[in-house]
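# Coordinate inspection notes
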Amino acid sequence: MSSLVELRPDRRLLDYDFEGYKLNLQALPHYTYDLSAPVDKVYPDEIQYSFIHAKLFALHNHLVLDYWDYSFNYYYVDKQQQVRYITFENGSKKFHSNVVYDVPAHEERRSGHFNLCLAFPSPNLALVSDGTGYLHIVDTGSRTQPISKYKPWQTLESSLVLGEGKYFIIVDARLLENDSIETLHCLLQSVEQNESHFNSILTWITFDNNGQGWKQTTIRQVQGKGIVHYAAIETSCTALYIASDHIFKFTSDSETEIKEEVKDAPRTIIYTWLQTTEDITVTLKLESNFDRKLLIVSVTPLLIKVSYAGKVFIDGRLKHKVDSELTTWNVQENGQVDILLTKSESMLWDEIITGGDRNGEQIMDASLVEEVHRRLAHLCSETEVTTDQTVPGLATQDLEECDVASEEDTVLVRLDAATHKVTHRAPLSVHQFLFSIRIETQEVPVLALRHDVDACIWQPYAQLINSETWPVKHQGTLSAFGYVQSSKQNRKFVTCPPNFSYSVVCEASKHIFIYQNGSNSDCQLRKRTGGAMKNVKVGQQHVFNIDKYGEVLGINATNEYLFILTETKLIAIEIQ
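Residues numbered from 1 in each chain as written. Predicted model: local features only at pLDDT ≥ 70, side-chain atom pairs only at ≥ 80, totals over all residues. Heavy atoms only, no water.

### A short note on the overall build of the protein chain
So the rule is basically this: A run of H or I in DSSP counts as a helix once it spans at least four residues, and a run of E counts as a strand once it spans at least two, with each numbered from the N terminus. Burial here depends on accessible area, computed with a 1.4 Å probe over protein chains only, as a share of the maximum for the residue type. Under 20% is buried, over 50% is exposed, and the range in between is partly exposed. Any two residues whose heavy atoms approach within 4.5 Å at even a single point are treated as in contact. Every accessible area reported is derived by Shrake-Rupley at a probe size of 1.4 Å, with residue values counting cover from the shown protein chains alone.
Along its length, the protein chain carries three helices and 41 strands. Out of the 576 residues belonging to the protein chain, those deemed buried represent 50%. The long-range fraction of contacts in the protein chain, counting pairs at least 24 apart against all pairs at least 6 apart in sequence, stands at 59%. Carbon and sulfur atoms provide 48% of the accessible area of the protein chain, an area that totals close to 27800 Å².

### Some thoughts on unusual backbone geometry
Notably, Asp 179 is not glycine yet its phi reads approximately 55°, a positive angle. With respect to the helices, strands and loops of the structure, Asp 179 is situated in the loop between β12 (169-178) and β13 (181-193).

### Regarding the environment of Val 64
By secondary structure assignment, the location of Val 64 is in strand β4 (residues 64-65). Taking the relative accessible area as the measure of exposure, Val 64 reaches 15% and is therefore buried. Through-space distance from the C-alpha of Val 64 to that of Cys 117 is 8.9 Å; in sequence the pair is 53 residues apart. Discounting chain neighbours no more than four positions away, the residues touching Val 64 are Asn 73, Tyr 74, Tyr 75, Leu 118 and Phe 120.

### Focus on helix α1 (residues 51-58)
Formally: Think of the arc as the fan of directions from the helix axis to the C-beta atoms.
Buried within α1 are the following residues: Ile 52, His 53, Leu 56 and Phe 57. All buried residues of α1 lie within an arc of 120° about the axis, which places them on one face of the element. Residues of α1 that are buried in the fold lie against β12, β13 and β14 (198-209).

### Looking at the sheet that holds strand β23 (residues 311-317)
Inclusion rule: The pairing criterion is simple: DSSP has to find at least two bridges between the two strands. Helix axes use the C-alpha atoms of the stretch in contact, all axes being lines fitted to C-alpha atoms, and the angles between their N-to-C directions lie in the range 0 to 180 degrees.
Read from one edge to the other, the open sheet built from three strands follows the order β21-β22-β23, with strand pairing classed as antiparallel. Single-partner strands in this sheet number two, and they are β21 (295-299) and β23. Sheet twist, expressed as the average angle between the axes of neighbouring strands with direction ignored, equals 0°. Sheet topology note: the strand β22 (residues 303-308)/β23 ladder contains six bridges and is antiparallel. Each bridged residue has a counterpart across the sheet, and for Tyr 308 the counterpart in β23 is Lys 311.

### Here's the deal with the sheet that holds strand β5 (residues 72-77)
Here four strands make up an open sheet; going across it, the order is β4-β5-β6-β7 and the pairing antiparallel. Looking along the sheet, the strands with just one partner apiece sit at the ends: β4 and β7 (95-102). Sheet topology note: the β4/β5 ladder contains two bridges and is antiparallel. Within β5, the residue paired with Val 64 across the bridge is Tyr 75.

### Description of the side chain of Ser 159
As for its position among the elements, Ser 159 is in strand β11 (residues 154-159). For Ser 159, a relative accessible area of 14% gives the class buried. Among residues more than four places away in sequence, those in contact with Ser 159 are Gly 133, Tyr 134, Leu 135 and Phe 207.

### A closer look at the packing of aromatic side chains
For the record, the criterion: Aromatic rings from Phe, Tyr and Trp, with only the six-membered ring used for Trp, were paired whenever their centres fell within 6.5 Å, and each pair was classed as stacked if the ring planes differed by under 30 degrees, edge-to-face if by over 60, and tilted otherwise. The rule for a charge over a ring is simple: NZ of Lys or CZ of Arg within 6 Å of the ring centre, and within 35 degrees of the ring normal.
Applying the stated rule across the entire model yields 21 aromatic pairs. Pairing Tyr 74 with Phe 563 gives two aromatic rings, centres 4.7 Å apart and planes at 45°, and the pair type is tilted. Of this pair, Tyr 74 sits in strand β5 while Phe 563 sits in strand β40 (residues 561-566), and the two are 489 residues apart along the sequence. Phe 563 carries the same exposure label as Tyr 74, and that label is buried. On the basis of an interplanar angle of 45° and a centroid distance of 6.1 Å, the ring pair of Tyr 561 and Phe 563 is categorised as tilted. Accessibility assignment for this pair places Tyr 561 and Phe 563 in one class, buried. Through pairs of rings, three or more aromatic residues link up here, namely Tyr 31, Tyr 33, Phe 72, Tyr 74, Phe 88, Phe 95, Tyr 561 and Phe 563. Residue placement shows Arg 220 over the ring face of Trp 204; its charged tip is 4.8 Å from the ring centre. The ring of Phe 513 has Lys 488 lying over it, and the distance from NZ or CZ to the ring centre is 4.9 Å.

### Quick word on the pattern of salt bridges
What counts, and what does not: By definition here, a salt bridge exists when the distance from a side-chain nitrogen of Lys or Arg to a carboxyl oxygen of Asp or Glu is within 4 Å.
With the rule as written, the count across this model stands at 18 salt bridges. With a shortest N-O distance of 2.2 Å, Asp 34 and Lys 569 are connected by a salt bridge. Taken together, the residues Asp 34 in strand β3 (residues 30-34) and Lys 569 in strand β41 (residues 569-574) connect sequence positions 535 residues apart. A salt bridge links Arg 143 to Asp 66, with the nearest nitrogen and oxygen atoms 2.7 Å apart. Of the two residues, Arg 143 is situated in the loop between β10 (135-139) and β11 and Asp 66 in the loop between β4 and β5; the sequence distance between them amounts to 77 residues.

### Re a nonpolar patch on the surface
We count it as follows: Think of a patch as exposed residues, more than 30% relative accessible area, with no salt bridge, where like charges cluster within 9 Å and nonpolar side chains (Val, Leu, Ile, Met, Phe, Trp, Tyr) cluster within 5 Å.
A cluster of nonpolar side chains, Leu 23, Leu 25 and Val 543, forms an exposed patch at the surface whose accessible area comes to about 320 Å². By the secondary structure assignment, Leu 23 is in strand β2 (residues 18-23). A relative accessible area of 48% means that Leu 23 is categorised as partly exposed.

### Things to note about the environment of Val 331
With respect to the helices and strands, Val 331 occurs in strand β24 (residues 328-331). Sequence separation of Val 331 and Arg 292 is 39 residues, and the distance between their C-alpha atoms is 7.6 Å. For Val 331, the contacting residues outside a window of four places in its chain are Leu 286, Phe 290, Arg 292, Leu 295, Gln 336 and Val 337.

### Structural notes on the side chain of Asp 66
How we decide: A 3.5 Å cut-off defines polar contacts: any pair of N or O atoms within that distance qualifies, except that in protein one atom must be a possible hydrogen donor and the other a possible acceptor, and neighbouring residues in sequence count only when both atoms are side-chain atoms.
Overall, Asp 66 belongs to the buried group, its relative accessible area being 1%. From its side chain, Asp 66 meets the backbone nitrogen of Trp 68 in a polar contact 3.1 Å long.

### Here we look at the environment of Lys 319
Turning to its location among the elements, Lys 319 is positioned in the loop between β23 and β24. Looking at Lys 319, the relative accessible area reads 26%, which means it is partly exposed. A C-alpha to C-alpha distance of 9.0 Å links Lys 319 and Gly 356, two positions 37 residues apart in sequence. Those residues in contact with Lys 319 that sit more than four places away from it in its chain are Trp 349, Asp 350, Glu 351, Ile 352 and Thr 354. Side chain to side chain, Lys 319 and Glu 351 meet in a polar contact 3.5 Å long.

### Let's talk about the pairing of strand β35 (residues 511-516)
Counting buried positions along β35 yields five of six residues, so the element is predominantly enclosed. When strand β34 (residues 502-507) meets β35, the two strands line up antiparallel, connected through five bridges. Residue pairing for β35: Tyr 502 is matched across the bridge by Gln 516. The loop that links β34 with its antiparallel partner β35 comprises three residues.

### A few points about the pairing of β22
Successive side chains on a regular strand alternate, one facing one side of the sheet and the next facing the other. Judged from the five bridges that link them, β21 and β22 form a sheet pairing that is antiparallel. Paired with Leu 295 across the bridge in β22 is Tyr 308. Counting the residues between successive antiparallel strands, the hairpin from β21 to β22 contains three residues. Following β22, the chain reverses through two residues before pairing antiparallel with β23; Ala 309 in that reversal takes a positive phi of roughly 55°.

And the structure:
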């Protein structure tokens, strides 16, 4: 059974005094560069009409940052199917460009093809997908040297990895070294149609290099319906992370046989349990003409046993501690018994008995969502919230239309490669998925999730060795961004820099909205609290008009600049 991961924000990273953003009409400095050749862009055709296709094409980021180089070094693919390198000098504010790679074959575009993709799994390797089914492993050499000394990249291996007529994009790539053998892990996404719907296919391919060249060794496939909001290879390369609205399962593995799940024999449920973050209610039913004196309820901090006239309803070790002195139970006239267990720690349990109990079944309650929402609510209360006070709740009937999350059943899971099973899951039902970015070169991308009006940044780390723990850490917060982004119905790209100092909502062809989190010390607004006047924290909102430059095809936010790629230009917007 998979473990439940609760995403509980670090209160130290939440700013309860933040009130919102004030429009700043001062123009931001920006620098433009005319591309030597236009950006290559592929549009979906008549057979690529699903919502999955629409999202893969519309949200494809054509501006690729080299995370292994700490300079402003970017890459894009032009219409001649050449990889072009552009660097921006912070001091002189000048751009420099060069062609570094010519994609092999230049196959003519046909129905079903995807955009070309570029990824950097290491400081001297690149992966290139030409959108026609070929995956190229490329030796880039050192990418940190000056542009004048940059040497053309060399193709090391080219292969039709999924077979003829199978097209894909690159989602993630990672290189591991062990005993003088390099192993390259590639995660690809494709789309397949069956009789009733389209499926998203994630293919995990590995290549080994023992000094004699790259050879494909294993191929695994994970399949599910609908959109993949987030997918990454765990840093240890032993699992996949997937956030989606539907269940994804391993369908093939060339290395380990996928064992079919043995269907359990029908079970008889003799009790149910319902939980909040504070307590658990166990419910069972006694036989007719029952005698209350024959009911025995025994609860210690870690053990529970409930029996009636020798019949045991529940007996085992509790998953976590309870306050046994607060245990109460009630027997109704119809024989229904309700036992209330008070948790020692405020948290959600993934099971009531350690190891599970076939005699019991958990009942999900819609009020649990309201309970979680209440615990995270801030900034929307009528009274000031401090770290020493209980945060008032926010009634769902008071929410505006833009507050409603579109991903109602999104779940982030960890799929283990060895067992082919979900080991951990983090429900995102009340946390709308906003975007993902990479803030650490060696780690998987972070997820930005809406928590009430804020956006919290979560970094998944590899499962701890010799432990069942999957650490997903709260790294930062974009104050009030969860609210403001939801009102931008024409948003195309949403992002932020690695230091979370500002956030961005980018439309396709009109405006770019930039929200700086830093407070304005000169703000004249005041907040009346307990009869006293108090300064309030207000961020800055900037609006950049992009319409004269054409459609936005790529975006990347650094701590100092926001880079925007259109078909013919690269713009660097300085964030002051």
